[in-house]
Each structure stands twice: as C-alpha cells, then as structure tokens.
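Notes for the structure review
Read off the chains here:
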Amino acid sequence: MNYPQEIPASWAPYLKPEFDKPYMQALYRFLESQQAKNIYPAQQHWYAALEETDFNDVKVVILGQDPYHGANQAHGLSFSVPHGQKIPPSLRNIYKELERDPGTTFTAPAHGCLTQWADQGVLMLNAMLTVEAGKAGSHQKHGWEQFTDAIIDALNKQRENIVFLLWGKYAQDKGRIIDQNRHHILQTTHPSPFSAHRGFLGSAHFSQANHWLQEHDQTPVNWQLADEEQRQTGFEFSKG
C-alpha cells in the first residue's frame, strides 16, 4: 500500500509533515495489514474531503465520526453517499432539519451526494477516514484521530470565522482544540435516528451558520442540492 501520492496543494504545508511522524507510519502499517479485508472508502477517496474543499475556501466544517461501513456508500465526505445509493437515516434527518429550519428554503433531493456543499467551502470531514466493512468504529485508535486533529488544528490556527457544526458527543469532544474567539461553534445531538429528536431536529444550525457567515462578510452556503437530472443539465448554485 502506497502513501498518498499528493496531498492537495492548499493543505500540503500543514499536513505533509504528518506523514513523517511515527503515528502516521504506524497507521499505514495497520492499513496494509488489513488489505485482505474490505475497507471503505476505496483508497483513492481517503482524502476526498481535502480534495473537494480548498484549505483557503473552508467556511463551515461538518464533523462526522466513521465513514459508512456498507458497500458502495462511503466516498470520503462525512454523511454523504454517491449518487445512486440509498439515503442513510442520519442524512434523512439532516434533510428533515433543513426543510424545517425557518431560515432556509430547502427541498430534499432524491439522492445523498453532498459534493455541492463541499464545493462551496463546507469541509465534510470524518474523524476516521477508513473503516472495515460492516464494523463501525473498527479503525478507531490507530492514528486517524491524530491526523484529523491536525486538520482541525491547522484551520483553527491559520483561518478565522469558520463555523464548526459539532453533532453528538464524539464531534463535540473533537472540538476541544477550536478557539471560540476565532471561530463559531454550533453543537447539538447527532442526527442519528437514536438521538436526532433530542436536539438536532429544531436546532436551526444551517440558518445560524449562514447568519454567522454573513455577519463576517462571507457568502452564505446555498444548502439546496440539485437533483440528479438538474445536476446533469447544469443546475446552478451560489458558490462563495
């Protein structure tokens, strides 16, 4: 298994040094030992979140925990699935909240692909970037957490006025390194069906995030997602 050929240029100054550290070398040895198993997402998508969203364009971070562990679901963006895949329950609740958020106009699409958000500066980051098929949390405590901490730390120190959406205890614990004098944190329960009704639904995080961005002279995110037919015919959205 090869190390990544290239970290996207905008992220490289902050993340390339991580690959020389012992924890990252140990992580790759672990991943190499798992090659006989099905690992999601495919290796070419491990760093998709960084590829989709330039470091200097990040304005919102949505932090997830694991990639989806079902076949053909994970493609490197938290909560997102490729076109043609069934919309997972947590993402259905995200859509439900967008539809009920009084500060947004949103109609749920028939797909679960969130690349249009990533293209507008929404970093869709999981804390772990890989998982074994059918085994949630199977790649915890092997090094990914330290690497994704480095991502958050770089944004925290080098950028200002980013909105961090921290849903659930795991994401909130990950937020310990975020300076709230430089950035804005919105936190509530996870959108999972097990917890969404205890705070996520009704949180209005999407309109609150846009309000913060506008107050700090940034273009708000157009949360509306094109349906597949609109996407193929050139659906347009505001790209900040």
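Residues numbered from 1 in each chain as written. Predicted model: local features only at pLDDT ≥ 70, side-chain atom pairs only at ≥ 80, totals over all residues. Heavy atoms only, no water.

Overview of the nonpolar core
Nonpolar side chains tend to gather and get buried jointly when the protein is soluble and globular. Trp-11, Tyr-47, Ile-62, Trp-117, Leu-123, Trp-144 and Phe-147 are the most contacted members of the largest nonpolar core, which has 71 residues in total. Setting aside residues no more than four positions away along its own chain, Phe-147 makes contact with Leu-15, Glu-18, Phe-19, Tyr-23, Met-24, Tyr-47 and Leu-129. (Core = buried A, V, L, I, M, F, W, Y, C linked by side-chain atoms within 4.5 Å. Buried < 20%, exposed > 50% of the residue type's maximum accessible area, 1.4 Å probe, protein only. Contact = heavy atoms within 4.5 Å.)

Observations concerning helix H6 (residues 144-158)
An α-helix turns once per 3.6 residues; consequently, residues spaced three or four apart project the same way. With 15 residues, H6 extends 21 Å from end C-alpha to end C-alpha; this agrees with the ideal 21 Å at 1.5 Å per step. In terms of burial, H6 is largely enclosed, as 11 of its 15 residues are buried. Every buried residue of H6 is listed here: Trp-144, Glu-145, Phe-147, Thr-148, Asp-149, Ala-150, Ile-151, Ile-152, Ala-154, Leu-155 and Asn-156. (Helix = DSSP H or I, 4+ residues; strand = E, 2+ residues; numbered from the N terminus. Expected span 1.5 Å × (residues − 1).)

Brief notes about the side chain of Ser-10
Here Ser-10 lies in the segment before helix H1 (12-15). Classification of Ser-10 by relative accessible area gives buried; the value is 16%. Here the side chain of Ser-10 touches Asp-54 through a polar contact of 3.3 Å, side chain to side chain. Looking at Ser-10, its side chain comes within polar contact range of the main-chain nitrogen of Phe-55, at 3.0 Å. For Ser-10, the residues in contact, after removing those within four places along its chain, are Asp-54, Phe-55 and Asn-56. (Polar contact = N/O pair within 3.5 Å; in protein donor to acceptor, adjacent residues only side chain to side chain.)

Thoughts on the pattern of salt bridges
Applying the stated criterion across every chain, the model contains 8 salt bridges. The closest approach of N and O atoms between Lys-21 and Glu-18, which form a salt bridge, is 2.9 Å. Since its relative accessible area comes to 34%, Lys-21 is described here as partly exposed. When its relative accessible area of 8% is taken as the criterion, Glu-18 is described as buried. (Salt bridge = Lys/Arg side-chain N within 4 Å of Asp/Glu carboxyl O.)

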